Amino acid sequence: MTSGLWERVLEGVWVTIQLLVLSALLATAVSFVVGIARTHRLKFVRFLAGFYTEVFRGTSALVMIFWVFFVLPPAFGWQLVPLWAGTLALGLTYGAYGSEIVRGALAAVDPAQREGGIALSFTPAQRMRLILLPQAVPEMIPPFSNLLIELLKGTALVSIMGMGDLAFSANLVRLALQESAEIYTYILLIYFVIAFLLTRLMRGLEKKLKAGVGRTPAKTTAARVPEGSGVS
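This structure is a prediction, so every number in the text was calculated from the model and none was measured.

Engineer: Just checking my understanding: could you explain the overall build of the protein for this structure?
Structural biologist: Broken down by element type, the protein carries eight helices and zero strands. In the protein, the succession of α and β elements from N to C terminus is α-α-α-α-α-α-α-α. Here the protein holds 232 residues, and 35% of them are scored as buried. Taking the intrachain contacts of the protein between residues at least 6 apart in sequence as the baseline, contacts between residues at least 24 apart amount to 73%. Here the protein has roughly 13600 Å² of accessible surface; of this, 66% comes from carbon and sulfur atoms.

As structure tokens, then:
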């Protein structure tokens, strides 16, 4: 490829990264708000959070992008730029999946920890902030890491709006060169590199968070057999 075409691809990479960061931030906020609401003592709050989760998990992210970009703006008399439409659609959709991660991690905390907070006369907000979240967040990192990779792959859907992301830019280059195999091989490698870097980043975050609560991530290496145990 010529330098001009490579520049086009790199511009697409930058747009994809921007979309990934913005939608991940929105999805994280939605995940915690809705996930915590799923554990609320009020049944009405739990119902609303559960309804939101089921609606967005049960709809297609592609259709949601269409709806946010083509249907929602005319109803209110304004138009979203593709970046913000993609951020809103992806953030709300993947936030619904993330809320289940938050809810499950909170539910997995030892009930004795909650009882200890009650015994110390902590308010529900204090129990959540000081006891439950510090223990639950490290357990959320591995599934959140997988969800982040899925979000990265989901960013390719915004190309239907004509947004110049990596997938859209790659298709323009393919049409210019009339060469599919080479271009899409490069794009696969670029997505893989970004995903690999995200995975390493999330693993580092997991280790840091678990070290903060006096724990270490599980190791996959075989346990060392003590000397003199009779096992060879």
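Engineer: For this particular structure, what's the right way to read the packing of aromatic side chains?
Structural biologist: Both the distance between ring centres and the angle between the ring planes are used here to describe each pair of aromatic rings. Under the counting rule described, the total for this entry stands at seven aromatic pairs. Following the ring pairs from residue to residue traces out a cluster consisting of Phe66, Phe69 and Phe70.

Engineer: Explain the nonpolar core here, please?
Structural biologist: Generally speaking, a soluble globular protein has its nonpolar side chains buried in company with each other. Core analysis: the largest hydrophobic core is formed by 54 residues, its most contacted members being Met140 and Ile187. Secondary-structure elements contributing two or more residues to this core are helix 1 (3–37), helix 2 (43–57), helix 3 (61–76), helix 4 (82–107), helix 6 (124–154), helix 7 (166–177) and helix 8 (181–212). The greatest single-element share of this core, amounting to 13 residues, is contributed by helix 6. With residues near it in sequence (within four places) discarded, Ile187 still touches Val9, Leu166 and Ala170.

Engineer: Help me understand a nonpolar patch on the surface, please; the structure alone is not making it clear to me.
Structural biologist: Taken together, Leu62, Phe66, Trp67, Phe70, Val71 and Ile160 make up a surface patch of nonpolar side chains, about 510 Å² in accessible area. Position of Phe70 relative to the elements: it lies in helix 3. With a relative accessible area of 42%, Phe70 lands in the partly exposed category.

Conventions used here
Residues numbered from 1 in each chain as written. Predicted model: local features only at pLDDT ≥ 70, side-chain atom pairs only at ≥ 80, totals over all residues. Heavy atoms only, no water. Helix = DSSP H or I, 4+ residues; strand = E, 2+ residues; numbered from the N terminus. Buried < 20%, exposed > 50% of the residue type's maximum accessible area, 1.4 Å probe, protein only. Contact = heavy atoms within 4.5 Å. Areas by Shrake-Rupley, 256 points an atom, 1.4 Å probe, with all protein chains shown as cover. Phe/Tyr/Trp six-rings, centres within 6.5 Å; stacked < 30°, edge-to-face > 60°. Core = buried A, V, L, I, M, F, W, Y, C linked by side-chain atoms within 4.5 Å. Patch = residues over 30% accessible without salt bridge, like charges linked within 9 Å, V, L, I, M, F, W, Y side chains within 5 Å. Salt bridge = Lys/Arg side-chain N within 4 Å of Asp/Glu carboxyl O.

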